[in-house]
Amino acid sequence: MNSRPCWVEISTGSFQNNYQVLVQSSAADAADARPVELLAIVKADAYGHGLALCAPAAVQAGARWLGVTSVEEGVATRKFCAEAGVAEPEILVIGGPFPGQSADVMAHRLTAVVWQGWQLDELEAAARAVGCEAGTVPVHLELDTGMSRQGVGTGELDAILARFLDGRSALRVGGLMTHLYAADESDGEATREQLELTARMVERVLAAGLKPEWLNVGNSAAVLAGIVPRELLSICDRFGMKAMARPGLALYGLAPEFVPDEPEVVSELRGKLRRVLEWKTRVVSVRSVEAGRVVGYNGTFVATEPMRLALLAVGYADGLNRALSNRGAVLIGGQRAPIVGRISMDQAVVDVTEISGVVAGDEVVLLGQQGAESITAEEHARWAGTIPWEIFTSIAARAKRIKGVEQISA
Ligand SMILES: *Cc1c(COP(=O)(O)O)cnc(C)c1O
């Protein structure tokens, strides 16, 4: 059966290009091609790009670690990678396991991020239930170094470390993780403080007698701005650990916006990233209206002259943010068509008066390029007063993700 025409095309080659750009940018020098392990963040259905396509693509690009939010996403990632026949990645569950999920963590060999005692209780019980020996199940212990979201603070550190010190636990601290909350602030002040605290906490973990292999720090902003290859590697050298970073957004072709201004190195790398996603629909029908006619709910748009209007098969239930009503635009025939009136749940109307020859069935680009024009997730985010992450992850599941052209040119 043909489906309603609202779909997303994914260029896995662009995604892989972006992974490579980050690998090269995080190499300390040309001789050492990969001192930092880049875990590819594919949470939230790969930022709305489709986990089934992006998880195997990341592995093919060289990612040995993938990061997901939940155990459910981890299980799905295992399945998609197996179906695609790619090498088995390590899968980090960055949101930690929820109650009752530890058996699945074990069964699917996921690596859990942990910071609470009950998580250790449940993982320990699940590990024993399947006969794991002492110290054979790695977890990443999250340190709260300032974000106050997840992780153990300095005051709780000793108590949680004690859980790993009796030599009997099946669990082992395979990595220490923390999250930088302001890596996109170009003065670097908050990040410097967080990294100093990270180093002090790492020192305490080692002093307690634990030997975590990984120090796992940094999002796209931290990788692009060079914090990861510089500061993270120097902490790792000091403590004999291996560096891991966790870029997300940049893999999907966008660099975060830096404040107050963008470091030069970021601008350079931004130019090398390629868009991965195109979001499309079609014209359902075209009508002419005379001046004075209202358009959409509550008549928030009134035709100022005789106009041609095109109805589109996309609405806010597909993820087209309602804040784009009377503000956003789409591409038809390589030109911008303004959205007029309120966006409905499943439909939207655009003004095609200035675009000749528009007929039912014409392809419409919501995000992406058509002819010489393009509309980015950053532009949608400005229109809607939000961030590009939310634009991507709002594209509804009912918009099918399919493979598009291999690479979108820069
Ligand atoms: C989402 C997330 C990331 C990736 O962030 P980007 O800004 O998209 O690169 C990294 N680490 C954690 C803990 C996250 O939640």
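Everything numeric in this text was worked out from a predicted model, so none of it was measured. Every residue gets a number counted from 1 within its own chain, in the order that chain's sequence is written. Only residues with pLDDT of at least 70 get local features here, since the model is predicted, and only at 80 or more are side-chain atom pairs given and counted; chain-wide, interface and lining totals rely on the full set of residues. Hydrogens and water are ignored here; the side-chain numbers use all heavy atoms of the structure.

K.L.:
Please give an account of the layout of surface pockets that cites residues and values.
P.N.:
A volume near 540 Å³ is recorded for the largest pocket. In this description a helix means any DSSP run of H or I spanning at least four residues, a strand means any run of E spanning at least two, and both kinds are numbered starting from the N terminus. Mapped onto the lining of the largest pocket, the elements with two or more residues apiece are α2 (43-47) and α9 (220-224). Gly falls in the polar group here, along with every residue not listed as nonpolar (Ala, Val, Leu, Ile, Met, Phe, Trp, Tyr, Cys, Pro) or charged (Asp, Glu, Lys, Arg). A per-class count over the lining of the largest pocket returns 13 nonpolar, 7 polar and 5 charged. In this analysis a 1.4 Å probe is tested at points of a 1 Å grid over the protein atoms alone, and where it fits but cannot get out there is a cavity; an open set with protein on both sides within 12 Å along at least five of seven lines is a pocket; lining residues have an atom within 4 Å of a point. Grid points are joined across faces, edges and corners, and a volume is the space filled by probe spheres set on the points.

K.L.:
Talk me through the sheet that holds strand β9 (residues 214-217); I want residue IDs and the actual numbers.
P.N.:
Read across the sheet, 9 strands follow the order β2-β10-β9-β8-β7-β6-β5-β4-β3 without closing on themselves; strand pairing throughout is parallel. Looking at which strands have only one partner, the edges of the open sheet turn out to be β2 (36-38) and β3 (40-41). Strands β4 (65-68) and β5 (90-93) of the sheet are contacted by helix α4 (residues 71-84), whose axis makes an angle of about 140° with β4. Strand pairing is assigned whenever DSSP identifies at least 2 bridges connecting the two strands. Whether two residues touch is decided by their heavy atoms; if any such pair falls within 4.5 Å, the residues are in contact. Axis angles are defined between N-to-C directions and span 0 to 180 degrees, where every axis is a line fitted to C-alpha atoms and, for a helix, only to the segment in contact.

K.L.:
Please set out the packing of helix α8 (residues 189-207) against helix α10 (residues 227-239) residue by residue, giving values where relevant.
P.N.:
In a pair of packed helices, the angle between the axes and the distance between the axes together describe the arrangement. Running from N to C, α8 and α10 cross one another at 20°; their axes reach a closest spacing of 11 Å. One element, α8, and the other, α10, form an angle in the roughly parallel class. Handedness of the crossing formed by α8 with α10: right-handed. Across the interface between the two elements, Thr191, Leu195, Ala199, Val202, Glu203 and Leu206 from α8 touch Ile227, Glu231, Ile235, Arg238 and Phe239 from α10. Counted by class, the contact of α8 with α10 contains 7 nonpolar, 1 polar and 3 charged residues. Each angle is binned into one of four classes, with values under 35 degrees roughly parallel, values over 145 roughly antiparallel, values of 65 to 115 roughly perpendicular, and all other values oblique. Handedness of a helix crossing follows the sense of rotation of the near helix relative to the far helix, less than a right angle counterclockwise being left-handed and clockwise being right-handed.

K.L.:
Report on the pairing of strand β16 (residues 335-340), specifying residues and quantitative values.
P.N.:
Two faces, one strand: in a regular strand the side chains alternate between the faces of the sheet. In terms of strand pairing, strand β15 (residues 329-332) meets β16 through 4 bridges, oriented antiparallel. When the bridges of β16 are listed, Val330 appears paired with Ala337. Between the end of β15 and the start of β16, which pair antiparallel, lie 2 residues, with Gly333 showing a positive phi angle near 60°. Of the strand pairs in this sheet, β16 and strand β17 (residues 348-351) are connected by 2 bridges, and their pairing is antiparallel.

K.L.:
Tell me about the domain arrangement of the chain, and name the residues and values.
P.N.:
Split into domains, the chain comes out as domain 1 (36-270) and domain 2 (277-403). For domain 1 versus domain 2, the separation of C-alpha centres amounts to 38 Å. Opposite the 13 residues of domain 1 that make contact, domain 2 presents 10 residues. By definition, a salt bridge exists where a carboxyl oxygen of Asp or Glu is found within 4 Å of a side-chain nitrogen of Lys or Arg. The tally of links from domain 1 across to domain 2 stands at 1 salt bridge. Salt-bridge contacts for Glu378 lead to Arg270; the nearest nitrogen and oxygen are separated by 3.5 Å. Each polar contact in these results corresponds to two N or O atoms within 3.5 Å; when the atoms are within protein, one needs to be able to donate a hydrogen and the other to accept it, and residues that are neighboring in sequence are counted only if both atoms are side-chain atoms. Counting every contact that joins domain 1 to domain 2 gives 1 residue pair in polar contact (both at pLDDT 80 or more). The element that contributes the greatest number of residues to the side of domain 1 that touches domain 2 is α2, accounting for 3 residues. Grouping the amino acids of the side of domain 1 that touches domain 2 by side-chain chemistry returns 8 nonpolar, 3 polar and 2 charged. For each domain, the first and last residues come from an automatic or database assignment.

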